Amino acid sequence: MIRADEIPEKLTKMELLEMVKKEASSVHIKDVMDASVYLREDARYMPPREQKEFIERFTRAFFNRIRDIKNDKNIYPGEVDTEKLAEFIGFLDEQLRRARSRPERCFQRIARIITIYVTFVREEPVHPVGTRFPGGLRVRRVGDVFYCPVKDRQISTPTALCRFCVSRQDPDVPGGHS
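Numbering of residues begins from 1 in every chain and follows the order in which that chain's sequence is written. Owing to the predicted nature of the model, reporting of local features is limited to residues with pLDDT of at least 70; listing and counting of side-chain atom pairs is limited to 80 or more, with chain, interface and lining totals taken over all residues. Note that water and hydrogens are dropped before the side-chain values are worked out from all heavy atoms of the structure.

A.B. asks: Explain helix α2 (residues 29–42) here, please?
C.D. replies: The periodicity of an α-helix, 3.6 residues per turn, causes residues three or four places apart in sequence to face the same way. Counting from the N terminus, the helices are the DSSP runs of H or I reaching at least four residues and the strands are the DSSP runs of E reaching at least two. Expected span of a helix, by definition, is 1.5 Å for each gap between consecutive residues, and there is one gap fewer than residues. With 14 residues, α2 should reach 20 Å at 1.5 Å per residue; the first-to-last C-alpha distance of 20 Å fits that figure. In this structure, the buried side of α2 is in contact with α3 (48–71) and α5 (102–121). Pairs of residues are marked as contacts when any of their non-hydrogen atoms sit within 4.5 Å.

A.B. asks: Help me out: how do you make sense of the packing of aromatic side chains in this one?
C.D. replies: By convention, a stacked pair of Phe, Tyr or Trp rings (six-membered ring in the case of Trp) has centres within 6.5 Å and planes under 30 degrees apart, an edge-to-face pair has planes over 60 apart, and any other such pair is tilted. If you walk through the whole model with that rule in mind, you get 7 aromatic pairs. Plain terms: the ring middles of F54 and F58 are 4.9 Å apart, the flat faces sit at 50° to each other, and that makes the pair tilted. Remark: F58 and F54 occur in helix α3; sequence separation between them is 4 residues, near one turn of the helix. With centroids separated by 5.5 Å and ring planes inclined at 55°, the aromatic side chains of F91 and F164 adopt a geometry described as tilted. Of this pair, F91 sits in helix α4 (residues 82–98) while F164 sits in the loop between α6 (151–154) and β5 (168–169), placing them 73 residues apart in sequence. Like F164, F91 is buried. Here the term buried applies to any residue with accessible area under 20% of the maximum for its type, exposed to any over 50%, and partly exposed to those in between, with areas from a 1.4 Å probe on protein chains only.

A.B. asks: Sorry if this is basic, but what is going on with the side chain of Q169 here?
C.D. replies: Mapped onto the elements of the fold, Q169 is located in strand β5. Here a polar contact is taken to be a pair of N or O atoms separated by no more than 3.5 Å, where protein atoms must pair a possible hydrogen donor with a possible acceptor and residues adjacent in sequence count only if both atoms sit in side chains. Within polar-contact distance, the side chain of Q169 engages the backbone nitrogen of D152 at 2.7 Å.

A.B. asks: How do you make sense of the sheet that holds strand β3 (residues 140–142) when you look at a structure like this?
C.D. replies: Strand pairing within a sheet occurs via backbone hydrogen bonds; the two strands may be parallel or antiparallel. Pairing within the open sheet is mixed, and its 3 strands lie in the order β3-β4-β5. Looking at strand neighbours, the two that pair on one side only are β3 and β5, the edges of this open sheet. When DSSP finds at least two bridges between two strands, those strands are taken to pair. For β3 and strand β4 (residues 145–148), the ladder comprises 3 bridges, and the chain directions are antiparallel. Along β4, the bridge assignment pairs V142 with V145.

The structure is reproduced here in structure tokens:
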């Protein structure tokens, strides 16, 4: 597992990709299924139809993203902001330490791999473009800018990854601030 105290001072995106690929190679379908058990527990208060869609969407996204990481042959030029990466990994490690069950640990471990990859290698938002939030609001992309409908409202939530996410608050969402 990538550790915050092992992040070198200089790290290219390609070196980080190799580290993330190594972690992704240790994820098995059983881990994804266990993570979906946690999602089911986490979504227990959602309306049944939304709950079913939420669980299916995240399970499919986890499976597809891990596969995409393992098979990524793209070239990512540039270096990683290693200070921000170390802070991000420390944050994710704390989430993992707080996990109370195997399904939650599987969820946190897979989410950790995926979010490091999308945030620091691909420089994309934590939630993929098209992710739907309550009220039908979605993450969207305009040119090279990603917009999230809930970033400003979630940025101070202690367990949210919003402060690390590359997206900006969607200026078209009432109550949002950009």
